[in-house]
Amino acid sequence: MATLATQPFRIGHGWDSHRIESGRPLIIGGVTIPAEFGLAGHSDADILLHAITDALLGALALGDIGMHFPDWAPEWKDAGSQQFVIHAMELVRREHFRLVNVDSTVILERPKLKDFRGAIRESLSVILQLPLEAISVKFKTAERVGPVGEGRSSEAHAVVLLAAV
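The following refers to the structure shown.

Next up on the list: the packing of aromatic side chains. Under the counting rule described, the total for this entry stands at 3 aromatic pairs. Aromatic side chains Phe-69 and Trp-76 sit 4.7 Å apart centroid to centroid with 85 degrees between the ring planes, which places their arrangement in the edge-to-face category. Using a relative accessible area of 17% as the deciding quantity, one classes Trp-76 as buried. With centroids separated by 5.9 Å and ring planes inclined at 75 degrees, the aromatic side chains of Trp-76 and Phe-84 adopt a geometry described as edge-to-face. Grouping residues by exposure puts Trp-76 and Phe-84 together as buried.

Below is the structure:
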């Protein structure tokens, strides 16, 4: 049976969802988006960084973001989600892997995010220490269906590929 150390590749998937809430900043991928609302959460509620963190942890079979950064812990109240991704990337390196690429999708009815794709990709490039061409960020609506489509929440999905070093 192959162990983590003998596997040449690992794939991880992450998903996150947060309620929309007035009076909070809308932060996606480390970028503050001008909006009259943000996302509710114990931390800064950056759904994209949370999904990427879960994908990295999942690829290593090391649980999820809540196991590493519980929402009941006061030290994570209003914390910047970049530190969650940085922690997950440290675990990737500790397990002798490197991040190859990220493919992600943010689902939000409004505001339209297409004008922020470049800034979000650049932010992720810095946080993940990955070239831009290895980072995909897509934006979708939920076509007015369900809580996302009704403007009550937002979601993000991320898939990562890790390669052994």
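Moving on, we come to the pairing of strand β7 (residues 153-164). The pairing of strand β1 (residues 9-22) with β7 spans 11 bridges and is antiparallel. Pairing of Phe-9 across the sheet is with Ala-163, part of β7. Looking at chain direction, strand β5 (residues 97-107) and β7 are connected through 10 bridges and run antiparallel. Looking across to β7, one finds that Phe-97 is bridged to Ala-164.

This part covers the environment of Val-106. One can find Val-106 in strand β5. It is 18 Å that separates the C-alpha atoms of Val-106 and Phe-84, two residues lying 22 residues apart in sequence. Not counting chain neighbours up to four residues away, the residues in contact with Val-106 comprise Ile-28, Ile-47, Leu-48, Leu-113, Lys-138, Phe-139, Lys-140, Ser-154, Glu-155 and Ala-156.

Moving on, we come to the packing of helix α1 (residues 47-59) against helix α3 (residues 82-94). Put simply, α1 and α3 touch, their axes get as near as 9 Å, and they point 15 degrees apart. What the angle tells us is that α1 and α3 run roughly parallel. The interaxial crossing formed by α1 with α3 has left-handed handedness. Residues Leu-49, His-50, Thr-53, Leu-56 and Leu-57 of α1 form the contact with α3, whose own contacting residues are Gln-82, Phe-84, Val-85, Ala-88, Met-89, Leu-91 and Val-92. Classifying every residue of the contact of α1 with α3 gives 9 nonpolar, 3 polar and no charged.

Turning our eyes to something else, we now look at the pattern of salt bridges. The tally for this structure, following the rule as stated, stands at 8 salt bridges. In this structure, Arg-110 engages Glu-36 in a salt bridge whose closest nitrogen and oxygen atoms are separated by 2.3 Å. With a gap of 74 residues between them, Arg-110 in the loop between β5 and α4 (117-128) and Glu-36 in the loop between β3 (31-33) and β4 (37-39) connect regions that are remote in the sequence.

Before going further, it helps to spend a moment on the nonpolar core. Of all hydrophobic cores here, the largest spans 41 residues; its most connected members are Ile-28, Leu-56, Leu-99, Ile-120, Leu-124 and Leu-128. Looking at this core element by element, the count peaks at 9 residues for α1. With sequence-adjacent residues up to four places away left out, Leu-128 is seen in contact with Ile-52, Leu-56, Val-85, Met-89, Leu-99 and Val-102.

The rules behind each value
Residues numbered from 1 in each chain as written. Predicted model: local features only at pLDDT ≥ 70, side-chain atom pairs only at ≥ 80, totals over all residues. Heavy atoms only, no water. Phe/Tyr/Trp six-rings, centres within 6.5 Å; stacked < 30°, edge-to-face > 60°. Buried < 20%, exposed > 50% of the residue type's maximum accessible area, 1.4 Å probe, protein only. Pairing = 2+ DSSP bridges. Helix = DSSP H or I, 4+ residues; strand = E, 2+ residues; numbered from the N terminus. Contact = heavy atoms within 4.5 Å. Axes fitted to C-alpha atoms, helices over the stretch in contact; angles between N-to-C directions. Parallel < 35°, antiparallel > 145°, perpendicular 65-115°, else oblique. Left-handed = near helix turned anticlockwise from the far one by under 90°. Nonpolar A, V, L, I, M, F, W, Y, C, P; charged D, E, K, R; others polar. Salt bridge = Lys/Arg side-chain N within 4 Å of Asp/Glu carboxyl O. Core = buried A, V, L, I, M, F, W, Y, C linked by side-chain atoms within 4.5 Å.

All quantities given are derived from atomic positions and should not be read as evidence of function.
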